Amino acid sequence: MSGNSGRQAGAVSRRKYLLSSAAIGAAGLAGCSGNSGSDGGDGSDGSDGGDGSDGGDGGDSSNTIESESSAPATVTAEGSSTVYPISNKGSSYWNSNSPASDGEYWGSNSEGSVAGWDQIETDQNIADYFASLYGFEATGERSNPPFATRVALSHSGTGCEAVRDGLVDIGNSSGPITAELDISESQRDENYVDHVVGRDGQPVFVSQEIYDAGVDQLTGEQIRGIYQGDIANWSDVGGPDREIYVVGRAEGSGTDTSFRLNMLGDADAPMDVDTRLGQNQQVQQVLQDNDNAIGYMALAFAGSGIQAVAIDFEGTVYRPDADAENTIFDSEYPLNRDLHMYTRIDEETPDGTDMREAAFLNMFLTEFGQKTFVEDVNYITLPTSDIEAERAKLPDQA
Amino acid sequence: MSFITPKTDWRDSIDRRLTRTQEFIDDTDPAALAVVAVAMGSLLAAFVGFLLASPWTAVPLGAFLVATGYGWVRHQALVARAVTFAMTTVTLVTLGLIVVFIFAESIPAFQYESARVFGVSVPGLGMFAQARWDAVSDPVRYSLLPMIHGTVMVTAIATLVAAPLGVSAALFIAEIAPPRVRELVKPGIEVLAGIPSIVYGFIGFTVINPWAGGAFALNGGSTYLFVGIVVGLMALPTVVSVAEDALTSVPDVMKDGSLALGATDWQSMTAITLPAAFSGVSAAVLLGVGRAIGETMAATVMLAGVPRISEPLINVFYGYETLTSLIARGYGSANGVHESALFAAGVVLFVTVLCLSLASQYIEARMRRRLGGAE
């Protein structure tokens, strides 16, 4: 293993070199990796060197013409495709710098106001407002934020490596960095700050036919049996007499690992599945195409032809219904996982989060941010106490 | 020649070579020689810089470009010789580096899968002596047998589809079709070759797999049968083009002779044209097989992705995993020995394709001997 890690260190320096000398090629590669960006949890080996290209030019701004030379550097982020919708939507809103009179994206007017507006109530544009909380000067112009933000899409592992190597400011990850980079918890605390911006539920879905035939609730024990090959027919769990088509996720990916850990009890628990798919979209498609399938995927991919089932964990029934007593949106639901944005502690930022990063991250930790960037893209918002704890990790506001 | 002992022969050849080099240097313009030397030296330096991942690699590379550009204007003939030689070398060196890299990367997996035979530890034997692949849960094993089985199944079915269809289509285009039909069909087939493999895979995933699941009452719709058919269709244009070229290149005098003796068109085709073009036609089929072995996208999208051997062995109605789809599915999340095992799958693929290529060379050489009448 030690020889192996040495090899990887060598690979990193090669990658840096390639980045600096072949920016055009890297940009092309970044496009490719964006397309192939599969499911969020993938602990990547970081082989796609192009991913870092967005971080390589951190000093440059996406709207160079408008911004002055003294403007703060662009905040760059990259990583997990699971965190990407949150991060990217936030970045789009930020870069738009919509005025408070917009009503749809920011602020309020006669047609309506954005979620959580009553706690903000400002005349400033969106990015101006959040940036000024950390001492940045407002521009007052639409599409010209005090500093730009940019988010690239890859894998959790790649995002963690990019933030470790200083290629980006923020590393998006759907798994803990300790697992992605194989580091200890004390190493994590020394080098990184973990900003949790939302939660991802991993509901268990079944094909519509199975749901209609009466399987609308399973116990944790039954799901374990299905995924470990002990239960092979739907009639054993109260359904029709039909074989079960068990859909798993790419071997060793973040999603696979967290399911083994949370549902089967151990990160390397044995599984016996009929197919393994890499991406949420594929799981959705296969569950729709087959009339006997069971699978798990990110909540954001729920759709027609598939149904989430309620799960009974040791007597508590978590229902896929926001109004139920216990829901799959609760943080107690065992298949939920935190969505992380990591920043790095170094000489310049001993707190781990500089003012630019803090201004951007703070936007997600408001009622407005939680509703717009987390809930609206079908992820689970943080409870108030967690938001307070996350805010405490940011530097003091100006 | 045969009376000279090998040693003096060897020394002689060195001497001769040295003399020839000396003559060449004497005959050539020293300025041109200097330019070529600078260009080649800086190319070599750039290569060394690349291997060392030095940030200064761009400097010798730039020097090479400048020297070549200058030389191209002043001493074109000599520089062109040097540059074409250098480009050939670059191709070979690239191939060599790739081979070395995939072999080196696969070493940890071969070591992990060592097995003892009669007290001797044989690295990599565990990949072929047992059939369990599980990269996560205990016991972690990396057998490549399920994937080799999958690749063999897909390739066999694809060949059964592509070879007869391809050869008969080539025969039709080359020998039977009127010129106007040929002019329409030939570009059509070449367009077929241009369709990206993901398109086939996507159609397979969204149309064929769901249909197959229902039509054959399968648990899920992934089958080697339909992956093989799809891959066979993808290999078809290669087979048709190459076989058609081979059939057209049979000299007309051979066919005319047969026709003059009173044979029918069909008799001439089977007795003269096909045997005469046999080496080209078999090369076409082998190229198609090579395409089928290496096909990744369609297999990855359509197969189940669970390394398992179907029961019985020839059951084509379940499709699990091939060597290529294993790599495509696993590269994003693999690390450590798992990643190395994916490289081992790459090594197996490489060796297979190498053997295939050698086999096609051998067939071609044998056919040439037979038809050329050397023996």
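Here is what the cut-offs are and how they apply
Residues numbered from 1 in each chain as written. Chains lettered and ligands numbered in written order. Predicted model: local features only at pLDDT ≥ 70, side-chain atom pairs only at ≥ 80, totals over all residues. Heavy atoms only, no water. Contact = heavy atoms within 4.5 Å. Buried area = accessible area lost by both parts, 1.4 Å probe. Salt bridge = Lys/Arg side-chain N within 4 Å of Asp/Glu carboxyl O. Polar contact = N/O pair within 3.5 Å; in protein donor to acceptor, adjacent residues only side chain to side chain. Helix = DSSP H or I, 4+ residues; strand = E, 2+ residues; numbered from the N terminus. Nonpolar A, V, L, I, M, F, W, Y, C, P; charged D, E, K, R; others polar. Buried < 20%, exposed > 50% of the residue type's maximum accessible area, 1.4 Å probe, protein only. Pairing = 2+ DSSP bridges. Axes fitted to C-alpha atoms, helices over the stretch in contact; angles between N-to-C directions.

1. So, the interface of chain B and chain A
Part 1 of the argument: Every contact between the two is made by 33 residues of chain B and, on the other side, 36 residues of chain A.
Part 2 of the argument: Summing both sides of the interface, chain B and chain A together bury roughly 2,700 Å²; the carbon and sulfur share of this comes to 45%.
Part 3 of the argument: The three residues of chain B that bury the most area against chain A are Val 136, Phe 205 and Asn 219 of chain B, which together make up 22% of that side's buried surface.
Part 4 of the argument: Our count for the chain B to chain A interface comes out at one salt bridge.
Part 5 of the argument: The partner of Asp 272 of chain A in a salt bridge is Arg 308 of chain B, with the nearest N and O atoms 3.1 Å apart.
Part 6 of the argument: Joining chain B to chain A, the criterion identifies ten residue pairs in polar contact (both at pLDDT 80 or more).
Part 7 of the argument: Residue assignment for the side of chain B that touches chain A shows that the elements contributing at least two residues are helix 2 (30–51), strand 3 (133–134), helix 8 (197–215) and helix 15 (337–372) of chain B.
Part 8 of the argument: Considering only residue class, the side of chain B that touches chain A consists of 14 nonpolar, 13 polar and six charged.

2. A few points about the side chain of Thr 353 of chain A
All names here are of chain A.
Part 1 of the argument: Topologically, Thr 353 is positioned in the loop between strand 15 (337–344) and helix 13 (355–364).
Part 2 of the argument: On the basis of relative accessible area, Thr 353 is assigned to the buried category, the value being 4%.
Part 3 of the argument: A distance of 3.4 Å separates a polar atom in the side chain of Thr 353 from a polar atom in the side chain of Thr 343.
Part 4 of the argument: Apart from the residues within four sequence positions on either side, Thr 353 is in contact with Val 193, His 195, Thr 343, Ala 358, Leu 361, Lys 393, Leu 394 and Pro 395.

3. Quick look at the sheet that holds strand 5 (residues 170–173) of chain A
Residue and element names in this part refer to chain A.
Part 1 of the argument: Strand order in the open sheet formed by five strands is 4-1-5-15-6, with mixed pairing between adjacent strands. Strands at the two margins of the open sheet, each flanked by one partner only, are strand 4 (149–153) and strand 6 (192–200). On average, each strand axis in the sheet is tilted by 20° relative to the strand beside it, whichever way the strands run.
Part 2 of the argument: As paired elements, strand 1 (residues 75–79) and strand 5 share three bridges and run parallel to each other. Bridge assignment links Ala 77 to a residue of strand 5, and that residue is Ile 170.

Take it as geometry only, folks, not as evidence of what the structure does.
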